[in-house]
Amino acid sequence: MVNEFNLQEYLSNGAEHIVKDAIKASLKNPNETLFLAKFAKHIKKAKKIREEYNRNGQNIPIFLISSITSSCNLHCRGCYSRANHGCDDDVPVNQLSSDEWEDIFRQAKDIGISFIVLAGGEPMLREDVILRASKYDEILFPIFTNGTMMNDDYLKLFDKNRNLVPILSIEGNKEITDSRRGEGVYNNILQSMDLMKKNHIIFGASLTFTSKNLSELLSDEFIKQLKDYGCKVIFFIEYVPVSGERLDLAPGDIEREILSDKLDILRKKHEDMLFLSFPGDEKTSGGCLAAGRGFFHINSHGEAEPCPASPYSDINVKDTSLLEALNSNLFKSLREGDILIEDHEGGCVLFEHREDVEKIINK
């Protein structure tokens, strides 16, 4: 039964296992091992903080997704951020400053958030914000980047601050990647991977899987290619359609089951790598994890949203705290209602129920 499932325990224990596995995978690199050993202690402390809030009736998610810019140097096909007008080519206005982002990172640490994904747009356009993130070694910052902006300054920054982990987006082989992200992007990504391997920097890959490309992404040849380049973490990100016309690409239960079975095999075969799926099988996690159940999103202008693929907000962290944002009317209504735990065809449940979400906003 869904109401017997302890979502917070599921996520917290999973995070601790991830760190333990990462320590084993990094024993050959003293810098990584030292950081992860310290981070393992931070994770336990953060868990206690969240548990204390939970005893007082306040759920604190372990993940925060932060879109630190609305700018991007690419025009990827099917980009939900551009489709939702969260990313464009104009000069950004009214975006959060580096001081404001650092205040968010501080608040996140204080309430027990252990992972903050830095996204965009292209997050590596905001080196000022990434520098602020480097100061908070209690938090791990996966940086989801298109991989085209790696340079000597970033290599030095990542080497010095192991809480910053680049996660490069790649769609599969050269043909698939360039067809979505642009001619030459695939080779640029491989060059960035090669640079990080030579500089002994831990990095990962983000693979957006659809009903069409999953077999390619799960192939032994592709996984081996990433491993040979030095990739240590692989995220399988479920494709979210940005229009009803692309629902055919949204993975369904069959694809999720195939992925789950293959992940079990990959984890046993490649013990020196981490394989994660997001959002994972919603049926085993009690439904969609958005709106603070397992994570929430802050866009580049400070609006707190259920998730990056659901650009609805009734509160801005410029005017309030993270705790107050988590208790916004929108978030509370979604957590206490039925939308997040309903069965759906695939992709994003909030996308399917966007009219219901808009009604909550307009109350």
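Whatever comes next refers back to the structure up there.
Residues numbered from 1 in each chain as written. Predicted model: local features only at pLDDT ≥ 70, side-chain atom pairs only at ≥ 80, totals over all residues. Heavy atoms only, no water.

Asks: How should the overall build of the protein chain be read in this particular structure?
Replies: When you go through the protein chain residue by residue, the secondary structure sums to 15 helices and 9 strands. Expressed as a percentage of its 363 residues, the buried residues of the protein chain come to 54%. When contacts within the protein chain are restricted to residue pairs at least 6 apart in sequence, those whose partners lie at least 24 apart make up 72%. For the protein chain, the accessible surface area stands at approximately 16900 Å², while carbon and sulfur atoms represent 49% of it. (Helix = DSSP H or I, 4+ residues; strand = E, 2+ residues; numbered from the N terminus. Buried < 20%, exposed > 50% of the residue type's maximum accessible area, 1.4 Å probe, protein only. Contact = heavy atoms within 4.5 Å. Areas by Shrake-Rupley, 256 points an atom, 1.4 Å probe, with all protein chains shown as cover.)

Asks: Sorry if this is basic, but what is going on with the environment of A325 here?
Replies: Within the secondary structure, A325 is located in helix α12 (residues 322–326). Among the residues examined, A325 registers a relative accessible area of 0% and is labelled buried. Spatially, the C-alpha atoms of A325 and A304 are 6.4 Å apart, while their sequence positions differ by 21 residues. Not counting the four nearest positions on each side in its chain, A325 is found in contact with A304, I315, V317, T320 and F331.

Asks: Hey, could you run me through the pattern of salt bridges in this one?
Replies: Side-chain pairing between opposite charges can occur once the charged atoms of the two side chains come close. Scanning all chains against the criterion turns up 18 salt bridges. One continuous salt-bridge network, built from bridges that share partners, spans D99, E102, R132 and K135. (Salt bridge = Lys/Arg side-chain N within 4 Å of Asp/Glu carboxyl O.)

Asks: It is not clear to me how unusual backbone geometry should be interpreted in this structure. Could you clarify?
Replies: The bulk of non-glycine residues show a negative phi, and the bulk of peptide bonds are trans. With omega at 15 degrees, the peptide bond leading from G120 into G121 counts as cis. By secondary structure assignment, the location of G121 is in the loop between β2 (115–119) and α5 (127–133). If you check the backbone angles, H200 has positive phi at about 55 degrees while not being a glycine. Here H200 shows up in the loop between α8 (185–198) and β5 (204–209). Overall, the relative accessible area of 56% leaves H200 in the exposed class.

Asks: Please clarify how the environment of V240 should be interpreted in this entry.
Replies: Mapping V240 onto the fold places it in the loop between β6 (233–238) and α11 (253–269). When the C-alpha atoms of V240 and T210 are compared, they prove to be 8.7 Å apart, with 30 residues separating the residues in sequence. Ignoring sequence-local partners within four residues, the contact set of V240 consists of A309 and C348.

Asks: What is the right way to read α8 from this model?
Replies: Each α-helix winds once per 3.6 residues, and so residues spaced three or four apart point in a common direction. Relative to the 20 Å expected for 14 residues at 1.5 Å per residue, α8 spans 20 Å between its end C-alpha atoms, a close match to the ideal helical length. Of the positions making up α8, those classed as buried are V185, Y186, I189, L190, S192, M193 and M196. Projected down its long axis, α8 carries its buried residues within an arc of 155 degrees, all on one side. What points out from α8, more than 90 degrees from its buried face, is the exposed set Q191 and K198. Its buried side turned inward, α8 meets α6 (152–160), β4 (164–169), α7 (174–181) and α10 (220–228). Of the residues trailing α8, H200 is marked for its positive phi of about 55 degrees. (Expected span 1.5 Å × (residues − 1). Arc of directions from axis to C-beta.)

Asks: I'm lost on the side chain of R126 in this one. Help?
Replies: Within the element layout of this structure, R126 appears in the loop between β2 and α5. A polar contact is formed between the side chain of R126 and the side chain of D128, at a distance of 3.0 Å. (Polar contact = N/O pair within 3.5 Å; in protein donor to acceptor, adjacent residues only side chain to side chain.)

Asks: I keep staring at the nonpolar core and nothing clicks. Help me out?
Replies: Here is a general trend for soluble globular proteins: nonpolar side chains tend to be buried in one another's company. Within the largest apolar cluster, 101 residues are counted, with the highest numbers of intra-cluster contacts made by F105 and F236. Per-element tally for this core: the top contributor is α8, with 6 residues. (Core = buried A, V, L, I, M, F, W, Y, C linked by side-chain atoms within 4.5 Å.)

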